[in-house]
Amino acid sequence: MSANRAGNVRMQVAPAGPLRGELLVPGDKSISHRAVMLGAIATGRSRISGFLAGEDTLATMRAFQQMGVRIDRREDTALEIHGVGRDGLRAAHGPLDLGNSGTSARLLSGLLAGQAFDSEIIGDASLMQRPMGRVVDPLRLMGAELSCTAAGTLPLKIRGGARLHGVEFALPVASAQVKSALLLAGLYAEGDTCVMEPAPTRDHTERMLRMFGVEVRSGDGRICVNRQPLCATDIQVPADISSAAFFLVAASIVPGSDLVLKGVGINPTRAAVIDILRAMGAQIEIHSSGAPASEPVADLRVRYSPLTGIHIPRDLVPIAIDEFPAILVAAACADGITVLTGAAELRVKESDRIAAMAAGLHALGITAEPAADGMSVTGGVFRRGTVDSAGDHRIAMAFAVAGCRASGQVQITDCANVNTSFPGFAGCLRAVGGNISEQQV
Ligand code: S3P
């Protein structure tokens, strides 16, 4: 699945002693994407701090630069975006290559549907196989003119100049990407665009639109916007809870560990990993920091604690969707059986995460039974072995965490894409006592 097989990376992890110390993991990926997108179509200059300088968010940044937006990088994680206004984007000279990033592809589909010019979206081998019909179909209902392959995949061609009109759309799957694509198209449509969610999903788009001065009406699972301009603002991106999750699990499973993760975004539509791990017996303390911002932030202290298998509540699944690779590693170290259901979406992430996790757990001697929409995992002991990450950043990092608690060395192949969401992951793990090395292959 990886586009980066040439010049790839292998990670080797040996069992570690306690993980201790303080860590600031990189900025939130979802919020960083949205900050660039909204900053680009706002009027005026927006300053973004804590930006994730990962390959996915840099792909979004490059796409807007290709469409004529000036973005100055003050330092690695600080951007100044010279917004061109809602109708100020220009046609790129050629397709927009969004690499491995599903969020860029889905959200940009909605935003580009409202432009006066034609565009085309492509991506790497993994992204080119991911479902786009879920955004194409509702955008067509709004009057957008787009075409993808017969299989519903990229390349996606978007015809400019379509007259969009608002719709009432009930999402068939709980997806923040689809919701956000429609809300962004709604900024260009006549009348109200309203999206109904079958279950709550991350609400960063709604929160950030409000930061940019857009009126968003929401309640009872229904979110509405209409055609409105955006005003530049400054955005502080919190540390990514999806990246912090690997350390929440690592410290929970390695005896003697005691870690503090600084400034982590704990938006309730993202933070269910904390609830799930606590239900398994994890010791996680939330130390709220400062005044409530548009995105709540806290320091998280996590200490080693024996875990017990649970049935993961289905209502928590959409709000912990990216954390299941890490959570399933915790399950493999828990006493008893952990059952995950209602998570069929994991099959269409950067890899088929149910298949990739089951294969990796088996390779390390853990009993795991995959199902169409989840998996059951029986706690045991990780033995030495080699795991294929399938080019998926979160699978790679989850098994690096497993390696910290294994009885021998764990090798993970095809890890270049860790840089899509967590550049410097191995360095962070080493900094708190992890025994990890990387090799270019
Ligand atoms: C994201 C939404 C989720 C998540 C992805 C980021 C977003 O995808 O898995 O990593 O930023 O909106 P879905 O909308 O497909 O669930």
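Residues numbered from 1 in each chain as written. Predicted model: local features only at pLDDT ≥ 70, side-chain atom pairs only at ≥ 80, totals over all residues. Heavy atoms only, no water.

K.L.:
Explain the overall build of the protein chain residue by residue, including any values.
P.N.:
Helix and strand counts for the protein chain come out as 13 helices and 23 strands. Principal-axis analysis of the C-alpha atoms places the extent of the protein chain at approximately 60 × 50 × 45 Å. Residues counted as buried form 61% of the 441 residues belonging to the protein chain. Pairs at least 24 residues apart make up 75% of the contacts formed inside the protein chain by residues separated by at least 6 positions. Only carbon and sulfur atoms are counted for the fraction: they give 50% of the accessible area of the protein chain, which is about 15400 Å². Charge-centre separation for the protein chain: the mean point of 41 positive side chains lies 2 Å from the mean point of 43 negative side chains. (Helix = DSSP H or I, 4+ residues; strand = E, 2+ residues; numbered from the N terminus. Buried < 20%, exposed > 50% of the residue type's maximum accessible area, 1.4 Å probe, protein only. Contact = heavy atoms within 4.5 Å. Areas by Shrake-Rupley, 256 points an atom, 1.4 Å probe, with all protein chains shown as cover. Lys, Arg positive; Asp, Glu negative; His and termini not counted. Charge placed at Lys NZ, Arg CZ, Asp CG, Glu CD.)

K.L.:
Just give me the short version of unusual backbone geometry, but keep the residues and values in it.
P.N.:
In this model, Leu 154 is joined to Pro 155 through a cis peptide bond whose omega is 5 degrees. The topology assignment puts Pro 155 in the loop between strand 8 (145-147) and strand 9 (156-159). Here Ala 390, not a glycine, exhibits a phi torsion of approximately 60 degrees, which is positive. Mapped onto the elements, Ala 390 comes out in the loop between strand 21 (385-388) and helix 11 (393-404). Within the chain, Asp 414 stands out as a residue other than glycine whose phi angle is a positive 65 degrees. Structurally, the position occupied by Asp 414 is in the loop between strand 22 (410-413) and helix 12 (418-421).

K.L.:
I'd like a rundown of the site of the ligand, residues and numbers included.
P.N.:
Every residue near the ligand is listed here: Ser 30, Arg 34, Thr 103, Ser 175, Ala 176, Gln 177, Arg 202, Ile 321, Asp 322 and Lys 349. The separation between an oxygen atom of the ligand and a polar main-chain atom of Gln 177 is 2.8 Å. Put simply, the parts of the chain that give the shell around the ligand at least two residues each are helix 1 (29-41) and helix 5 (176-186). The residue makeup of the shell around the ligand, split by class, is two nonpolar, four polar and four charged. (Near = heavy atom within 4 Å. Polar contact = N/O pair within 3.5 Å; in protein donor to acceptor, adjacent residues only side chain to side chain. Nonpolar A, V, L, I, M, F, W, Y, C, P; charged D, E, K, R; others polar.)

K.L.:
Go over the confidence of the model for the protein chain with me, naming the residues and quoting the values.
P.N.:
On average, the protein chain scores 97 in pLDDT, and the residues at 70 or more come to 98%. Per-residue pLDDT stays below 50 along residues 1-5; that stretch engages in 17 contacts with residues further than four places along the chain or on separate chains. (pLDDT = per-residue confidence, 0-100.)

K.L.:
Provide a residue-level description of the environment of Ser 147, including the pertinent values.
P.N.:
If you trace the backbone, Ser 147 turns up in strand 8. Its relative accessible area of 35% is what places Ser 147 among the partly exposed residues. Residues contacting Ser 147, with those up to four places away along its chain left out, are Arg 140, Pro 155, Leu 156 and Lys 157.

K.L.:
Describe the side chain of Asp 299, naming the residues involved and giving the relevant values.
P.N.:
Within the secondary structure layout, Asp 299 lies in strand 17 (residues 297-303). Within polar-contact distance, the side chain of Asp 299 engages the side chain of Lys 262 at 3.2 Å. Sequence-distant contacts of Asp 299, that is, excluding residues within four places in its chain, are made with Val 260, Leu 261, Lys 262, Gly 263, Glu 285, Ile 286 and His 287.

K.L.:
Let's hear about the domain arrangement of the protein chain: which residues, and what values?
P.N.:
Looking at the assigned domains, one finds that the protein chain contains domain 1 (9-27 + 238-440) and domain 2 (29-236). Taken together, the 26 residues of domain 1 in the interface contact 26 residues of domain 2. Of the roughly 2200 Å² buried between domain 1 and domain 2, counting both surfaces, carbon and sulfur atoms make up 47%. Summed over the three residues of domain 1 that lose the most area to domain 2, namely Arg 270, Glu 350 and Thr 420, the buried surface amounts to 24% of that side. Inspection of the region where domain 1 meets domain 2 yields three salt bridges. Linking Glu 345 and Arg 134 is a salt bridge whose minimum nitrogen-to-oxygen distance equals 2.8 Å. Of all elements in the fold, only helix 11 and helix 12 reach the threshold of two or more residues within the side of domain 1 that touches domain 2. Examining the composition of the side of domain 1 that touches domain 2, we find that three residues originate from one element, helix 12, more than from any other. (Domains from an automatic or database assignment. Buried area = accessible area lost by both parts, 1.4 Å probe. Salt bridge = Lys/Arg side-chain N within 4 Å of Asp/Glu carboxyl O.)

K.L.:
Tell me about the environment of Arg 217, and name the residues and values.
P.N.:
With respect to the element layout, Arg 217 can be found in strand 12 (residues 217-219). Accessibility expressed as a relative area gives 32% for Arg 217, which makes it partly exposed. C-alpha separation for the pair Arg 217 and Ser 243, spaced 26 residues apart in sequence, amounts to 30 Å. What Arg 217 contacts, discounting residues up to four positions off in sequence, is Asp 192, Arg 210, Arg 222, Ile 223, Cys 224, Val 225 and Asn 226. Of the polar contacts made by the side chain of Arg 217, one reaches the side chain of Asp 192; its length is 3.2 Å.

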